[in-house]
Amino acid sequence: MGAAAAAAAAPPPSSSSWSVWESLVRSVSNFRLKTKQQELLLRVSALVLIYILAFATRLFSVLRYESVIHEFDPYFNYRTTLYLTQKGFYEFWNWFDYETWYPLGRIIGGTLYPGLMVTAAFMYWTLRFFTFAVHIKDVCVLTAPFFASNTAIVAYFFGKELRDRGTGLVAAIFMAICPGYISRSVAGSYDNEGVAIFALVLTFYLFVKAVNTGSLAWSVASAFAYFYMVSAWGGYIFIINLIPIYVIVLLVTGRYSMRLYIAYNTLYILGMLLAMQIRFVGFQHVQSGEHMAALGVFFLMQVFYFIDWVRHQLADPKLFQAFLKTTVIAAVGVGGLALVVGMATGYISPWTGRFYSLLDPTYAKDHIPIIASVSEHQPTSWSSFMFDFHILLILFPAGLYFCFKKLNDATIFIIIYGMTSLYFAGVMVRLILVATPAVCLISAVAVSATLKNLSVLYREKAPAVTSAKTSASQKASAKSGIDQKLPFQQEGSLLLVLGSLYLLVNFVFHCTWVTSEAYSSPSIVLAARQSNGDRVIFDDFREAYFWLRHNTPPDAKVMSWWDYGYQITAMANRTVIVDNNTWNNTHIATVGRAMSSYEDEAYEIMKELDVDYVLVVFGGVTGYSSDDINKFLWMVRIGGGVFPIIKEQDYLNNGEYRVDSQAAPKMLQCLMYKLCYYRFGEINTEYGRPTGWDRARGIEIGNKDVELEYLEEAFTTSNWIVRIYKVKPSANRR
Amino acid sequence: MNENTKFQLAFLLFLAASSYLISPAAANLVLNRVDRRVDLTSQIVRIASSLKVENAGTDDVSEILFSLSTEHAEKVAFLQAVLVEGKSKSKSKSTAVILTVTPGSSDGRVMLFSVALPKPLKGGDSLSLETYVVLTHVLKPFPEEIGQSDAQLVLFHESAYFLSPYPVKVQSTTFKLPSSRVESYSKVGVTKLVDSEVRYGPYENVEALATAPITLHFENNQPFAVVEELVREIEISHWGNIYVTENYKLSHGGARHKGSFSRFDYQSRPAQSGAASFRHLLARLPPHAHSVYYRDEIGNISTSHLRSDFKKTELELEPRYPLFGGWKVTFTLGYSVPLEDFMFKSSDGRRFLNITFGSSFGHVVVDNLIVKVVLPEGSTQPTISVPFAVEQDKEIKHTYLDTVGRPVVVLTKKNAVPEHHNIFFQVYYRFNSIAMLAEPLLLVTGFFAFFVLCIAYVHFDFPISKSSASFQAQVQREELVDLVQRLQKVMGIQGEAADRLEASLRDVARSGDTAPCKVARKTADATWKETSKDLKALSESFHLSARSSFVLPKVEVLLQKEKEMVEKLQQKQVATVEAYERKLSSKDIDARIAPLQSKYSTLKQEVRDLIYALDD
């Protein structure tokens with residue numbers, strides 16, 4: 001029909017060209033695809049578009065700023081990747097880094113998850129092999145978006161496994177643009193999470209597939225995905241606890257099957273053996289309290305299998321009951337005894353503080369200030385849930401409803417995953433990331449099911465509409481012919497479809513807006529708008545780091561608060577005392593103590609630590625609020641936690657933290673205060689304000705003539721954000 | 001070149017016969033008048049001397065010797081002698097070539113350079129010669145370390161007398177200083193300080209190789225920008241672009257910074273603070289330069305301004321931080337220029353690149369300048385033509401999509417100054433334009449291979465065991481899917497026939513002419529007859545198929561409904577045609593047809609639903 005219409009529309013200029021045209025049209029119409037093929041084509045092109053979209057939407061920061069590594073931790077990852085590509089894998093694996101944690105050093109190979117670095121290096125080597133002369137930095141910058149695209153594809157398969165292809169497609173698009181995931185995977189955010197979320201979703205998908213099919217191949221694949229996850233991120237703990245919970249739930253609900261037995265045992269044994277190859281993880285699978293649940297469930301599975309076998313063998317149900325009782329009691333007893341003995345002898349380590357703080361949100365605040373001091377470890381507020389999930393938050397319960405309605409092994413898994421991860425997301429802001437795949441998948445179930453139901457409702461009457469051209473009486477008779485239709489069914493369903501489309505479109509706009517506004521600033525380069533609308537760039541961090549790199553002795557030691565450790569080692573290439581790998585609390589507390597002491601006391605500490613330069617971050621001139629003065633109370637707390645000589649009360653005035661003339665005397669004289677405000681009292685930062693007006697805190701500082709005796713100003717960046725001081729040699733060596 | 005080995009060889013020669021080398025030449029020549037102007041206004045010292053040479057002997061002299069203290073000779077960036085002919089000032093640059101480098105007097109204090117004359121100077125004749133010497137790194141800061149608020153003072157050691165292997169009759173020297181602030185200057189005979197100039201002489205009848213050491217100590221706050229190493233990479237792409245990348249290691253070569261650096265002083269009192277420091281550099285790029293970037297190891301540097309017009313492109317760069325004495329910084333400056341501006345074809349069919357050699361910056365000294373010209377892959381026989389002595393080397397570079405690598409010509413020049421080394425040089429090579437297609441073809445081949453692999457994968461049969469249950473199940477499933485598709489196709493054909501018949505019925509209702517409707521009925525009947533055979537075969541195969549149990553009832557219902565639908569349609573057609581032939585009123589016709597029509601619509605709807613359901 002279409003072909004005929006097209007032919008009719010074309011003017012026939014001459015008979016010969018007419019016949020040519022006709023044959024052409026015919027040959028084109030012969031190419032018309034079958035429905036299946038059309039569907040395949042649509043699906044594949046949708047997936048390809050999702051793949052591109054997931055990558056492209058994460059490139060805001062590259063376009064707006066430049067191809068640069070963001071934040072703090074990514075700089076360590078970048079530095080290690082650089083080392084890996086330059087020196088090879090064995091050097092990397094055996095790397096003892098003496099440039100951090102001076103004078104202790106750090107065994108890099110044994111204290112990191114190498115998955116990310118090896119992945120990036122592998123991509124780099126592959127590209128190099130195909131003669132693409134890319135720089136490793138650009139590979140690192142684009143690793144996270146690339147893996148985000150891959151995650152979207154895995155989400156498609158996962159969704160397909162959960163329900164159908166439609167769900168898969170919706171899950172893929174949600175996964176591609178959900179801000180909760182974008183926040184950790186924009187270009188330049190070269191962090192473990194970037195590849196870990198991919199590994200996490202892949203492991204779960206393959207495990208669900210293995211449970212659904214009972215195939216050994218899928219189980220082995222999921223074990224390897226688990227290994228990849230272990231190599232990439234400490235969050236693998238979540239997998240190794242979630243899957244046992246899932247197994248127990250299946251056992252309790254009477255869904256134990258041979259498929260489950262195969263899937264779990266393969267994953268556990270193979271995954272555990274593989275995970276032990278990661279030096280940072282080592283024997284934790286059998287020795288640490290956090291992994292005991294998986295071990296316990298493994299034994300439980302064997303008991304279940306054994307009981308099952310015995311039931312087959314024993315015909316007598318009474319005998320079997322007796323046997324069951326003794327076996328269960330014996331198994332529980334032996335297991336409990338083993339656990340107690342293990343704990344008592346110290347073979348099994350107790351749970352770590354981080355794990356406790358996950359289960360009990362108030363734990364970190366009381367016991368581990370260093371965890372509580374990190375902003376991303378704070379409990380999540382409702383606004384950030386809304387910000388990161390938007391309509392998914394509303395769709396999530398609806399999705400749960402659809403999952404419960406069509407309960408099977410796969411949907412049980414996603415329900416458990418969704419519920420637990422949502423709890424953890426509530427405990428810590430950064431764990432929103434872990435919850436995101438579950439929320440996306442469950443919401444995809446809701447969207448897909450709703451749209452499908454609505455379209456069925458709409459389509460039920462569709463033929464009547466096409467034949468409605470004839471006459472009113474026919475229409476009336478047709479209506480009476482089919483009786484169970486709802487009033488305004490077609491219009492209503494159309495309206496609902498349009499409504500949900502509106503919601504989805506809004507979600508897309510929200511995601512794009514959030515990505516461009518909130519999650520695409522590298523934080524190493526700051527941008528602000530001037531009053532006339534021009535964009536000003538504060539590149540002070542790199543200015544300072546580059547100055548350190550070229551104008552200090554190569555073996556100089558730099559003391560700063562631990563936040564900047566990774567950046568200093570990576571960009572300034574200088575030795576630091578502490579860095580973001582907060583493995584030694586005492587060392588950090590020493591730095592905190594130095595920062596909060598009087599200058600002469602601090603000088604002694606710095607001499608002991610062999611410090612040459614001190615670096616502080618100061619936002620008083622620009623109004624940059626996450627500077628060291630605002631972090632200072634944490635330094636005091638962490639320092640005071642180890643050295644009781646530092647008391648938080650000394651820095652507060654009637655319990656209030658302030659830096660103006662009302663501030664506590666010790667505050668006004670401590671090293672951090674002096675270094676930040678040295679000669680600040682002389683400058684005019686804002687028109688109509690007195691000199692020494694701190695724009696970050698909006699007050700006039702209390703101590704305007706800061707004198708330094710043991711240190712001298714070595715460098716201050718153009719906007720005063722970073723200030724570097726040189727520790728003078730001892731008086732008798734001057 | 002092997003200047004070093006020459007030097008060593010010459011040194012050995014000097015040990016054997018030093019006195020012999022100097023004496024015969026010095027014997028005959030006399031310098032009647034020497035005027036020397038020494039420009040000390042920047043970090044580069046430029047000495048221009050005009051000499052009047054007279055051959056006092058009788059023998060012809062074919063070369064003139066001219067000397068520098070060894071201390072200065074090591075720092076020579078550029079040296080040139082110009083013969084001035086006749087009284088007129090029209091200079092013809094006859095010779096400016098330094099033929100040999102010969103160490104001078106026995107204590108190694110003096111180094112001689114000889115200038116070959118185009119025609120020998122006969123006895124008694126005289127000529128005018130101008131020599132021009134450019135020295136770098138000879139201004140020594142004193143004090144060596146200064147604080148932020150201090151001005152930079154430098155020392156310059158020279159001789160008040162023109163150092164020459166020949167006796168000089170009359171001579172004078174002028175030192176031009178950057179400012180009138182002079183700390184001290186040695187006094188030798190007639191010496192005076194006028195404004196920012198120190199004048200020595202005139203002196204008369206000075207012996208050969210006589211010296212009168214003097215020291216000038218004065219303020220020089222000019223930027224002592226020293227590029228310790230500059231690697232310029234010029235990459236030619238015959239697709240229309242030349243990529244220039246310049247890697248700088250820049251340092252401040254003046255007095256070292258001492259004590260603290262106060263940003264407050266630097267910002268609030270720019271006049272007194274950091275007078276000797278600098279924060280801007282001006283690069284002159286070729287016209288049409290585009291895609292300019294400025295970055296370093298840790299990323300982009302956002303402080304630069306680009307101005308361009310049709311004559312030139314100017315780039316004002318600001319390093320990440322101001323440079324004080326002894327501070328260093330590295331950065332990379334890159335840009336692209338259109339190929340046609342710099343690429344030409346020589347008469348013998350070779351191509352040649354004609355581009356500047358040195359740094360884009362004015363007023364910098366480049367200690368070690370390495371120029372790498374990356375020729376396109378497949379070019380051969382590269383030869384270079386540089387107007388001064390350079391070391392030459394070859395490399396291979398591998399970059400995007402390269403197979404054998406690109407030939408690279410590496411040129412190294414030590415101690416380069418902008419005005420004499422930032423001049424054009426040429427690289428000649430042979431290149432076949434066909435080679436340009438190598439890389440696109442490589443890509444095409446790669447993608448083609450990929451698609452072929454995909455096609456092969458789809459068409460190959462990979463299962464290991466053909467008897468396994470899962471394989472069987474898959475085969476059966478595929479068969480079933482195929483059957484369903486065929487069924488749907490047949491249904492589609494039947495449906496179309498029905499639609500056409502229905503359309504003709506509507507035409508009847510409009511026109512009342514029943515003839516075309518009868519024809520339509522005939523064709524539709526024919527189609528149904530044809531397809532019913534197919535349907536029968538299909539339904540049989542559905543029965544045979546092993547895994548069809550769950551679709552079979554659906555298919556059966558579908559077939560039955562379809563049959564009913566066709567029957568109803570036929571009845572309707574018969575009724576309609578009859579009614580019209582009998583010329584019944586339209587109301588009657590409607591009444592007759594309506595029940596049939598409603599039944600037909602219901603059936604049609606059901607059939608459609610069933611076909612749709614089969615997809616799942």
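Residues numbered from 1 in each chain as written. Chains lettered and ligands numbered in written order. Predicted model: local features only at pLDDT ≥ 70, side-chain atom pairs only at ≥ 80, totals over all residues. Heavy atoms only, no water.

**Things to note about the overall build of chain A**
From N to C terminus, chain A includes 34 helices and 11 strands. Dimensions of chain A, computed from the C-alpha atoms along their principal axes, are close to 105 × 90 × 55 Å. The buried share of chain A, taken over its 734 residues, is 51%. (Helix = DSSP H or I, 4+ residues; strand = E, 2+ residues; numbered from the N terminus. Buried < 20%, exposed > 50% of the residue type's maximum accessible area, 1.4 Å probe, protein only.)

**Looking at the overall build of chain B**
When helices and strands are tallied, chain B shows 9 helices and 31 strands. For chain B, the residues scored as buried account for 47% of the 616 residues in total. Sequence separation of at least 24 residues holds for 76% of the intrachain contacts in chain B that already meet a minimum separation of 6. Carbon and sulfur atoms make up 56% of the accessible area of chain B, which totals about 31,300 Å². (Contact = heavy atoms within 4.5 Å. Areas by Shrake-Rupley, 256 points an atom, 1.4 Å probe, with all protein chains shown as cover.)

**Details of the packing of aromatic side chains**
Residue and element names in this part refer to chain A. If you walk through the whole model with that rule in mind, you get 77 aromatic pairs over all chains. Ring centres of tyrosine 156 and phenylalanine 157 lie 5.1 Å apart, and the angle between their planes is 70 degrees; this geometry places the pair in the edge-to-face category. The class of tyrosine 156 is buried, set by a relative accessible area of 2%. The class for phenylalanine 157 is partly exposed, based on a relative accessible area of 33%. Above the plane of the ring of tryptophan 634 lies arginine 637, whose end atom (NZ or CZ) is 4.6 Å from the centre. (Phe/Tyr/Trp six-rings, centres within 6.5 Å; stacked < 30°, edge-to-face > 60°. Lys NZ or Arg CZ within 6 Å of the ring centre and 35° of its normal.)

**Notes on the UniProt feature "domain: STT3/PglB/AglB core" (unreviewed entry) in chain A**
When the UniProt feature table is mapped onto this chain numbering, "domain: STT3/PglB/AglB core" (unreviewed entry) sits at residues 557-615 of chain A. Note that residues 557-615 of chain A is 51% helix and 14% strand, and that its end C-alpha atoms are spaced 10 Å apart. (UniProt positions renumbered as here; feature names shortened; annotations may be inferred.)

**Focus on the confidence of the model for chain A**
Residue and element names in this part refer to chain A. On average, residues of chain A score 87 in pLDDT, and 93% of them reach the 70 mark or higher. Helix H1 (residues 2-9) is the least confidently modelled element of chain A, averaging 41 in pLDDT, while helix H12 (residues 216-232) averages 95, the highest of any element. Per-residue pLDDT stays below 50 along residues 1-13; that stretch engages in 9 contacts with residues further than four places along the chain or on separate chains. (pLDDT = per-residue confidence, 0-100.)

**Observations regarding the confidence of the model for chain B**
As a general rule, the predicted coordinates of low-pLDDT regions are not to be interpreted in detail. All names here are of chain B. Mean pLDDT for chain B: 81, with 89% of residues reaching 70 or above. Below a pLDDT of 50 lies the segment residues 1-26, which in the model reaches 21 contacts outside its immediate sequence neighbourhood of four places, other chains included. The complex prediction reports pTM at 0.83, with the ipTM value standing at 0.82.

**As for the side chain of glutamate 161 of chain A**
Residues and elements named next belong to chain A. Relative to the elements of secondary structure, glutamate 161 occurs in helix H8 (residues 136-162). For glutamate 161, a relative accessible area of 18% translates into the label buried. Setting aside chain neighbours within four positions, we find glutamate 161 in contact with Tyr205, Val208, Lys209, Asn212 and Ala410.

**Observations concerning the interface of chain A and chain B**
Listed per partner, the contact involves 35 residues of chain A and 33 residues of chain B. For the pairing of chain A and chain B, the buried interface totals around 3,400 Å² over both sides, and the portion due to carbon and sulfur atoms is 55%. On the surface where chain A and chain B come into contact, there are 4 salt bridges. Glutamate 297 of chain B is the salt-bridge partner of arginine 549 of chain A, the closest N and O atoms lying 3.5 Å from each other. (Buried area = accessible area lost by both parts, 1.4 Å probe. Salt bridge = Lys/Arg side-chain N within 4 Å of Asp/Glu carboxyl O.)

**A few points about the sheet that holds strand E30 (residues 406-416) of chain B**
Reading across from one edge, E21-E20-E24-E17-E16-E27-E30-E29 (chain B) is the order of the 8 strands in this open sheet, with mixed pairing throughout. A single partner strand is all that each edge strand has here, and the edge strands are strand E21 (299-300) and strand E29 (391-397) of chain B. Sheet topology places strand E17 (residues 241-252) of chain B next to strand E24 (residues 328-338) of chain B; 11 bridges connect them, and they run antiparallel. Following the sheet pairing, tyrosine 248 of chain B is matched in E24 of chain B by phenylalanine 331 of chain B. Sitting on the sheet, helix H28 (residues 540-551) of chain A is in contact with strand E20 (290-296), E21 and E24 of chain B, with an inclination near 115 degrees to E24 of chain B. (Pairing = 2+ DSSP bridges. Axes fitted to C-alpha atoms, helices over the stretch in contact; angles between N-to-C directions.)

**A closer look at the UniProt feature "domain: Oligosaccharyl transferase STT3 N-terminal" (unreviewed entry) in chain A**
Under the local residue numbering, the UniProt record ascribes the feature "domain: Oligosaccharyl transferase STT3 N-terminal" (unreviewed entry) to residues 46-442 of chain A. The span residues 46-442 of chain A is 74% helix and 1% strand, and its two end C-alpha atoms sit 20 Å from each other.

**With respect to the sheet that holds strand E5 (residues 557-559) of chain A**
All names here are of chain A. The 5 strands are arranged E6-E5-E7-E11-E10 in an open sheet whose pairing can be described as mixed. Only two strands of the sheet have a single neighbouring strand rather than two, namely strand E6 (575-576) and strand E10 (711-716). For E5 and strand E7 (residues 613-617), the ladder comprises 2 bridges, and the chain directions are parallel. What sits directly across from methionine 559, in E7, is valine 614.

**With respect to a nonpolar patch on the surface**
All names here are of chain A. On the surface, a nonpolar cluster with roughly 450 Å² of combined accessible area is contributed by Leu40, Val44, Val48, Leu49 and Ile52. Inspection of the secondary structure assignment puts valine 48 in helix H3 (residues 35-56). Look at valine 48 and you get partly exposed, because its relative accessible area is 44%. (Patch = residues over 30% accessible without salt bridge, like charges linked within 9 Å, V, L, I, M, F, W, Y side chains within 5 Å.)

**As for the side chain of threonine 167 of chain A**
All names here are of chain A. Locating threonine 167 in the fold gives a position in helix H9 (residues 165-177). Separated by 3.1 Å, the side chains of threonine 167 and serine 448 make a polar contact. Setting aside chain neighbours within four positions, we find threonine 167 in contact with Gly159, Ala444, Val445 and Ser448. (Polar contact = N/O pair within 3.5 Å; in protein donor to acceptor, adjacent residues only side chain to side chain.)

**Overview of the pattern of salt bridges**
Within the structure shown, the criterion is met by 50 salt bridges over all chains. With a closest N to O distance of 3.2 Å, aspartate 409 of chain A and arginine 255 of chain A form a salt bridge. Remark: arginine 255 of chain A occurs in the loop between helix H13 (236-252) and helix H14 (258-275) and aspartate 409 of chain A occurs in helix H23 (residues 409-427); sequence separation between them is 154 residues. With relative accessibility at 27%, the residue arginine 255 of chain A sits in the partly exposed group. In this structure, the salt-bridge partner of glutamate 318 of chain B is arginine 279 of chain B, at a minimum N-O distance of 3.1 Å.

**Structural notes on a negative patch on the surface**
All names here are of chain A. A cluster of acidic residues, Asp600, Glu601, Glu604, Glu608 and Glu709, forms a negative patch on the protein surface. Among the secondary structure elements, glutamate 601 is positioned in helix H31 (residues 599-608). Take glutamate 601: its relative accessible area is 39%, and that puts it in the partly exposed class. (Lys, Arg positive; Asp, Glu negative; His and termini not counted. Charge placed at Lys NZ, Arg CZ, Asp CG, Glu CD.)

**Looking at helix H29 (residues 565-572) of chain A**
Residues and elements named next belong to chain A. Within H29, 8 of the 8 residues are buried, leaving the element largely enclosed by the surrounding structure. Residues Gly565, Tyr566, Gln567, Ile568, Thr569, Ala570, Met571 and Ala572 constitute the buried set of H29. Where H29 is buried, its residues contact helix H5 (73-87), strand E2 (106-107), H28, E5, E6 and E7. Of the residues flanking the end of H29, it is asparagine 573, one or two places downstream, whose phi is positive at about 60 degrees.

**Points about the environment of asparagine 94 of chain A**
All names here are of chain A. With respect to the helices, strands and loops of the structure, asparagine 94 is situated in the loop between helix H6 (89-93) and strand E1 (96-97). Judged by relative accessible area, asparagine 94 falls into the exposed class, the value being 57%. Along the backbone, asparagine 94 and glycine 109 are 15 residues apart, and their C-alpha atoms lie at a distance of 5.5 Å.

**Examining the environment of valine 374 of chain B**
All names here are of chain B. Counting through the fold element by element, valine 374 comes out in strand E27 (residues 365-374). We classify valine 374 as buried; its relative accessible area is 1%. When residues no more than four places from it in sequence are discounted, the contact partners of valine 374 are Glu233, Ile234, Glu235, Ile236, Lys397, Arg406, Pro407 and Val408.

**Points about unusual backbone geometry**
With omega at 0 degrees, the peptide bond leading from tyrosine 102 of chain A into proline 103 of chain A counts as cis. Positionally, proline 103 of chain A belongs in the loop between E1 and E2. In this structure, proline 143 of chain B follows phenylalanine 142 of chain B across a cis peptide bond, with omega equal to 5 degrees. Structurally, the position occupied by proline 143 of chain B is in the loop between strand E8 (140-141) and strand E9 (145-146). Even without being glycine, histidine 288 of chain B reaches a positive phi, approximately 65 degrees. Checked against the element boundaries, histidine 288 of chain B lands in the loop between strand E19 (281-285) and E20. Even without being glycine, leucine 401 of chain B reaches a positive phi, approximately 60 degrees. Tracing the sequence through the fold places leucine 401 of chain B in the loop between E29 and E30.

**Things to note about the environment of alanine 503 of chain B**
Residues and elements named next belong to chain B. For alanine 503, the position within the fold is in helix H6 (residues 469-511). The class of alanine 503 is partly exposed, set by a relative accessible area of 30%. Sequence-wise, alanine 503 and alanine 520 are 17 residues apart; in three dimensions their C-alpha atoms are separated by 9.3 Å.

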